[in-house]
Amino acid sequence: MNSVDWHRAVIKVGSALISPEGDGCSGQFLLPMARYISECRQQGKEVILVSSGSVAAGRSLIAHGELPLLAEKQAMAAVGQTMMMANWQRFFDFPCAQILVTHGDLSDRERYINIQNTIRTLLDNGILPIVNENDSVTTKELKVGDNDNLGALVALVSSADLLMICSDVDGLFNKDPRSNPDAVLLPDVAKIDDSIYALAGGTTNKIATGGMRTKIEAAEKATVQGINTLIVNGTNSRVFDELLIGNNAGTLFKRQASPKKARKHWLQHGLKSKGSIKVDAGAQSALLKKGASLLSIGITDVSGDFNKGDALDIQNTQGELIAKGISQYHSMELSQIKGQQSKKIIEILGYCPSDVVLHRDDIVVLA
Ligand code: GLU
C-alpha cells in the first residue's frame, strides 16, 4: 500500500467513534487513535483534531421527543461539548484546547486570520487543538453542517498537508459494500469526478450528519488545495499500526498539486488585493532571499483602505510589485506602526495582535 508523507495533519473523528451507541460519550475507539496522535507528535509532526460528538454526548441529558427540536439539539451540544473534550483529554498527557467555529467565522477574513493565528500559537506551544462546529449558536443557514467539510476547512485554515477522516467505514468501495459483498476497497483515487461521487451512498448512521458524500466533498475541497485526504476506519485499531509503519489502510484521495503550489495559486489568483505597501531594501531581501515574515520596521508606505485578513500587494522602494500576502493589520493600524520595531506596536496601538505584519506562510513571492 502506498504511503503519504505529512508534517501537519487535521484528523477528523466522527460521531460514530465518539458515541458508538448514539448516546453519551465513549472511550471505546479513542485509545488507538490517541496513541497514534501521541506517537506522531513525538516524531515532530503536528496534529489538529476535528471532533464530532457533542450532540450525541449530551443527548440523554436534555429532555426531547422522537426528533429533538433545534433548541434541544443546541442544548445537547452545549452540555455534550465539555463531555467530549473531557473524554479526549483523559487520553493525553499534554493539554487539549477547544476551538468552536461557524461557517460565518471561516468566511469572514478577519476571523479567519484569528482562527489561523490561534491554531498556530497552540501548535507552537505543544497543545492539541480540538475543533468542532459551534452547534449551540448556529442555525442551518450559518452552519458548515457536517464535520467532514469542517475538517477540510480547518485543514485549509491551518495549512495542513493531510486531512485524515476517521469513521466506521474502511474507505471508498467500487460499489456499495452494504448491498454488494464483492465490493472492493479503492486504495487510492487520483481525481474526484462525478464517477467518484456516484460511488457514495447515503449515511445509515442515525447520529452522524455526514456520509460518504460529505467525505468526498471534503476530499475534493482539500485535494484541490494540495492536501492529501485519507479515509480510514477508526474502529479498527490495526489501521493505526499500519499508518505508523507508513501504510495507508484506507482510501487515499491524492492531492492535485503540492500544498505550496496550491497556496501560491490561491494567494496569487484567488484573492484580490485591497491595498499595497512599500518595503525597504532590508525587508525586500529578507522576503525574497530568506522567505521571512514581514515586520513593521521594514514597511515604508501604506496605501488603500484594507482590513485585517485582506490581501495586499507588496512593492519595493521603486514601486515594483515583488510579492503579495495577507495582512495581520488594518490599514489605519499599519500606517501608525510602519517603520517601527515590533516591540513598539503595543505602545503605539495599545495592543499587539501579531508581532509580524504578514506571516511568511501568507506571502507569495512574485518577483
Ligand atoms: N458538530 C456535530 C457534533 O459535534 C457533528 C456534525 C457531524 O456529525 O458531522 O455533534
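Read on for an overview of the structure. Bear in mind the structure is a predicted one, so any value in this text is a computation, not a measurement.

The end-to-end C-alpha distance of helix α9 (residues 212-224) is 18 Å, a good match for the 18 Å that 13 residues give at a rise of 1.5 Å each. Residues of α9 that are buried: M212, T214, K215, I216, A218, A219, A222 and T223. One or two positions beyond α9, positive phi appears at G226, with a value near 85°.

Let us look at the pattern of salt bridges. The final tally for this structure, using the stated rule, is 11 salt bridges. R213 is the partner of E217 in a salt bridge, and the nearest nitrogen-oxygen pair spans 3.5 Å. In this pair, E217 and R213 are both assigned in helix α9, four residues apart and thus about one turn of the helix distant. A relative accessible area of 24% places E217 in the partly exposed class. Ionic contacts of the salt-bridge type, sharing partners, join the residues K12, D148 and K215 into one network.

Burial analysis of strand β7 (residues 228-233) places six of its six residues in the buried class, which makes it a mostly covered element. With burial as the criterion, each face of β7 is covered, one bearing N228, L230 and V232 and the other bearing T229, I231 and N233. In this structure, strand β5 (residues 162-167) lies alongside β7, joined through six bridges in parallel fashion. Counted as the bridge partner of M164 is L230 from β7. In terms of strand pairing, β7 meets strand β8 (residues 250-253) through four bridges, oriented antiparallel. If you follow I231 over to β8, its bridge partner there is T251.

Glancing now at the environment of C96. Relative to the elements of secondary structure, C96 occurs in strand β3 (residues 96-101). The spatial distance from the C-alpha of C96 to the C-alpha of Y36 is 16 Å, given a sequence separation of 60 residues. Every residue in contact with C96, bar those within four places of it in the chain, is listed here: M85, Q89, I127, L128 and I130.

For the pair helix α7 (residues 147-157) and α9, interaxial distance at closest approach is 8 Å and the crossing angle is 10°. As summarised for this structure, α7 and α9 are arranged roughly parallel, according to the angle between their axes. Touching D148, N149, A152 and L153 of α7 are T214, K215, E217, A218 and K221, all from α9. Split by residue class, the contact of α7 with α9 holds three nonpolar, two polar and four charged.

What follows concerns the sheet that holds strand β9 (residues 273-279). If you trace the five strands from one edge of the open sheet to the other, you get β10-β9-β11-β12-β13, paired in mixed fashion. Strands with a single pairing partner mark the edges of an open sheet, and in this sheet they are β10 (299-304) and β13 (363-365). Across the sheet, the axes of successive neighbouring strands diverge by a mean angle of 25°, strand direction being ignored. Across three bridges, the pairing between strand β12 (residues 321-326) and β13 is antiparallel. Counterpart to K324 in the pairing with β13 is V364. Most of the contacts of helix α11 (residues 259-270) go to β13, to which it runs at about 90°, and overall it touches β12 and β13. On the sheet, helix α12 (residues 281-290) packs against β9, β11 (311-315), β12 and β13 and is oriented at approximately 75° with respect to β12.

The terminal C-alpha atoms of helix α4 (residues 70-89) lie 28 Å apart, and with 20 residues this matches the ideal 28 Å at 1.5 Å per residue to within 8%. In the structure, α4 departs most strongly from a straight axis at G80, where the bend amounts to approximately 30°. Those residues of α4 not exposed but buried are E72, Q74, M76, A77, G80, Q81, M84, M85, N87 and W88.

Here we come to the nonpolar core. Counting 38 residues, the largest nonpolar core has L163, I216 and F253 as the members making the most contacts within it. A per-element tally of this core places α7 first, with six residues. Not counting the four nearest positions on each side in its chain, L163 is found in contact with V10, G151, A152, A155, A218, A222, I227, N228, T229 and L230. Core analysis: the next-biggest nonpolar cluster, separate from the first, contains 34 residues, W6, M33, Y36 and V239 among them.

Attention now goes to the site of the ligand. Around the ligand, 11 residues are found, and the nearest of them are G53, S54, N132, D135 and N147. One of the side-chain N or O atoms of D135 is found 2.8 Å from a nitrogen atom in the ligand. The backbone of N147 places a nitrogen or oxygen atom 2.7 Å from an oxygen atom of the ligand. Protein burial of the ligand: of its 300 Å² of free accessible surface, 95% is covered by the chains. Its residues placed into classes, the shell around the ligand shows two nonpolar, seven polar and two charged.

Thresholds applied
- Residues numbered from 1 in each chain as written.
- Predicted model: local features only at pLDDT ≥ 70, side-chain atom pairs only at ≥ 80, totals over all residues.
- Heavy atoms only, no water.
- Helix = DSSP H or I, 4+ residues; strand = E, 2+ residues; numbered from the N terminus.
- Expected span 1.5 Å × (residues − 1).
- Buried < 20%, exposed > 50% of the residue type's maximum accessible area, 1.4 Å probe, protein only.
- Salt bridge = Lys/Arg side-chain N within 4 Å of Asp/Glu carboxyl O.
- Pairing = 2+ DSSP bridges.
- Contact = heavy atoms within 4.5 Å.
- Axes fitted to C-alpha atoms, helices over the stretch in contact; angles between N-to-C directions.
- Parallel < 35°, antiparallel > 145°, perpendicular 65-115°, else oblique.
- Nonpolar A, V, L, I, M, F, W, Y, C, P; charged D, E, K, R; others polar.
- Bend = angle between axes of the 7 residues up to and from the residue.
- Core = buried A, V, L, I, M, F, W, Y, C linked by side-chain atoms within 4.5 Å.
- Near = heavy atom within 4 Å.
- Polar contact = N/O pair within 3.5 Å; in protein donor to acceptor, adjacent residues only side chain to side chain.
- Areas by Shrake-Rupley, 256 points an atom, 1.4 Å probe, with all protein chains shown as cover.

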